[in-house]
Amino acid sequence: MLLNYSQPLEISHLTTWLDSALRAGMPEFWVLLIEFVLVGVALMVAYAVIALILIYAERKITAFFQARLGPNRVGKFGIFQSVADMIKILLKEIIHINNVDKFLFYAAPFFMIVASMLTFGAIPFAQGLHAIDFNIGVFYVTAVSSLGIIGVLLAGWSSNNKYSMIGAMRSGAQFVSYELSSGFALMTIVVLAGTMQFSEMIEGQRYCWNLFNGHIASFVAFFIYLISGHAETNRGPFDLPEAESELTAGYHTEYSGLQFGFFYLAEYLNMFIIASIATTVFLGGWMPIQIHGLEGFNQLMYFIPSYVWFFGKTAVLIFLSLWVRWSFPRLRIDQLLNLEWKYLLPINLVNILVMVILVLTGLTLTDLFPNLF
Amino acid sequence: MRSISKYFSGLFRGILSLLTGMSVTWKELWTKKVTQQYPENRATLVISDRFRCELTMPHDENNEHACTACGICEMNCPNGTISVLSKMIETEDGKKKKILDKHIWDMGMCTFCNLCVITCPSNAIKFGNNFENAVFTRSKLVQQLNHEGSKMREKKKEVKPVEPKPVVETKIVSPEEPKMEAKSSKTVGLLVDAIAESKVAKQVETKNESVEKVKPTEKA
């Protein structure tokens, strides 16, 4: 009951109310079935809506970086531009290509979308808005998000097109390499947090974010995670799998209409997923800023609903990713692999060691200043 | 040892240069946006004066133009865009005279090469700045340049003194007003002050109408 008054805007009120209402008049099985369906639908809708918002934000911010105005015709400030684009892409003809491996060709977009959808479900969006909360959450996220590369490789292979093939191969090399770094960076924080479960991780960051808690090692891990996560999304300076100037469009050259839309959607959602995992693991997830001993301040912070905190932090990271994207030129494939295997990976391995030492010798901030954090 | 120091110095220099790049784009993010929002900014839109949009034949307030129907523009047009239709009339002193009946220009065929304007001996045509030329049917692209009921401006008979300065002044003061006076004076004293004019033209080069002024020298 106390929750009701202190956090008036939380969506979890709605969900608990719905749950109790359903349970009142139905057997357990049907309640669960209905809730599963509802959660699935809600996730899918959120998936589409977030992608639309991201596409709009990306186009606007990109434009500002290039001293342009960006979309500004459809609706005020062009806010309905991406809705119009979505309608267009839904209505577009799917062109059937003769010499492709039909089954794999049509299966590939689903691999992409399913992989990012599975990851999407494991993200804690707000207090109580968390579809899958495994005790091995970090592990699960790393595992399913790397499924997406199968979609990319299948698309490139089955398209029967040299550009698609080259793009897919580059993407494979890139993804496999950077998966390592991002995994290790997350492992560093798992060492610090002592848990792989996202909900526990967030609870552990109540007074001190993991980013500050492990100071040096955490910062290094954070930046390595951002770099490798950015590389995994095939964007920015790491966009050689779909380098327009070299490979027409890379692995999705032959796709059209909704199938292309799937790739497009998955690309944007991967950006969001990377940012939101970074938020959850490093920046305290949906947890509002809390300070030891300042109860009034803490209550005040709780008035801002947790989803606002989550999306705010995620938005900052997404902006960072866009900023990087429009600052740096594209890497060559050898530079890309150099960066990973000669720099990120060795630094990462040393970093894990440093983190282990920090944790074991009690040099993390929570250990050093138990009253403050 | 050397390679190790090279590794780390390279790493940190790389990070530094990345940060420099990001600071540049950060500043760029807050610069003034250069996008022109066209239909809304019609009032403040700046079109370069040298931009060739449509061929016009300037008429003065008496509905008079400078075209003598000589047909040089028609001859010089590379793809037959212009056709000058003339007719013969009899002046009051009984002389036969060729005057302009219709000056027809087909925008659909024009390449905007400016040869007609350059070669016109009486500076009767010029390229205007109205760029909104979209029409719904192709036939509308064919335009008659001389206005209805217009006639050719009579040349002033008296020879002007060879003084380039006043000529230039009138041009600078009234750049909007078609160069009727200036031109007619030029046609009179064309050969005389062409050389003097060319010197002045250089000074006035920055002004909009300088293109017009250089022409006499070319002819000379």
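Shown above is the structure to which this text applies.
Computed from a prediction, not measured in an experiment: that's the story for all the values here.

(A) Looking closely at the sheet that holds strand β3 (residues 82-90) of chain B. Residue and element names in this part refer to chain B. On the basis of which strands lie adjacent, the open sheet formed by three strands has the order β3-β4-β6 and antiparallel pairing. Only two strands of the sheet have a single neighbouring strand rather than two, namely β3 and β6 (142-144). Here the strands of the sheet are splayed against their neighbours by 25 degrees on average, with no regard to which way each runs. Here nine bridges tie β3 to strand β4 (residues 96-106), and the two strands are oriented antiparallel to one another. Paired with isoleucine 89 across the bridge in β4 is lysine 97.

(B) The nonpolar core, seen in detail. The biggest cluster of nonpolar side chains holds 86 residues, and the ones touching the most others in it are A:Met112, A:Tyr268, A:Leu269, A:Phe272 and A:Ala278. If one sorts the elements of this core by residue count, helix α13 (residues 257-282) of chain A sits on top with 16 residues. Among residues more than four places away in sequence, those in contact with A:Phe272 are A:Ile50, A:Leu54, A:Thr314 and A:Ile318. Ranked by size, the runner-up nonpolar core spans 17 residues in total, among them B:Leu55, B:Ile82, B:Cys116 and B:Ala124.

(C) Spotlight on the interface of chain A and chain B. Contact residues are listed per partner, giving 10 residues for chain A and 11 residues for chain B. Within the side of chain A that touches chain B, the residues separate by chemical class into eight nonpolar, one polar and one charged.

(D) View of unusual backbone geometry. All names here are of chain B. The phi dihedral of phenylalanine 112 falls on the positive side, at around 55 degrees, and the residue is not glycine. Along the chain, the position of phenylalanine 112 falls in the loop between β4 and α3 (115-119). For phenylalanine 112, a count of 14 C-beta atoms within 10 Å corresponds to the partly exposed category. Positive phi, close to 50 degrees, is recorded for asparagine 123, a residue that is not glycine. Looking at the element boundaries, asparagine 123 is found in the loop between α3 and β5 (126-128). The exposure class assigned to asparagine 123 is buried, which follows from the 22 C-beta atoms found within 10 Å.

(E) Just helix α3 (residues 28-65) of chain A, in detail. Residue and element names in this part refer to chain A. Taking 1.5 Å as the rise per residue, α3 with 38 residues should run 56 Å; its terminal C-alpha atoms sit 53 Å apart, in good agreement. Along α3, the residues that are buried comprise Tyr47, Ile50, Ala51, Leu54, Ile55, Tyr56, Glu58 and Lys60. Among the structural elements, α4 (81-91), α5 (102-121), α13 and α15 (306-325) are those in contact with the buried residues of α3. Where α3 terminates, the next one or two residues include alanine 67, which has phi positive at roughly 60 degrees.

Definitions and limits used
- For every chain, the first residue of its written sequence is number 1, and the numbers climb from 1 along that sequence.
- Each chain gets a letter, beginning with A, and each ligand a number, beginning with 1, in the order they are written.
- Residues qualify for local features only when their pLDDT is at least 70, as the model is predicted, and side-chain atom pairs are given and counted only at 80 or more; totals for whole chains, interfaces and linings, by contrast, use all residues.
- In short, DSSP must find at least two bridges between two strands for them to pair.
- Strands are runs of DSSP state E lasting at least 2 residues, helices are runs of H or I lasting at least 4, and numbering of each runs from the N terminus.
- Fitted lines through C-alpha atoms serve as axes, helices being fitted only where they are in contact, and the angles separating the N-to-C directions of these axes extend from 0 to 180 degrees.
- A set of buried residues drawn from Ala, Val, Leu, Ile, Met, Phe, Trp, Tyr and Cys, joined through C-beta atoms within 7 Å, is what defines a nonpolar core.
- Counts of 20 or more other C-beta atoms within 10 Å of a residue's own C-beta define buried residues, counts of 12 or fewer define exposed ones, and intermediate counts define partly exposed ones; C-beta atoms are placed from the backbone.
- Any residue pair is listed as a contact if its two C-beta atoms, each placed from the backbone, are within 7 Å.
- Amino acid classes used here: Ala, Val, Leu, Ile, Met, Phe, Trp, Tyr, Cys and Pro are nonpolar; Asp, Glu, Lys and Arg are charged; the rest, including Gly, are polar.
- Any helix carries an expected span of 1.5 Å times its number of residues minus one.

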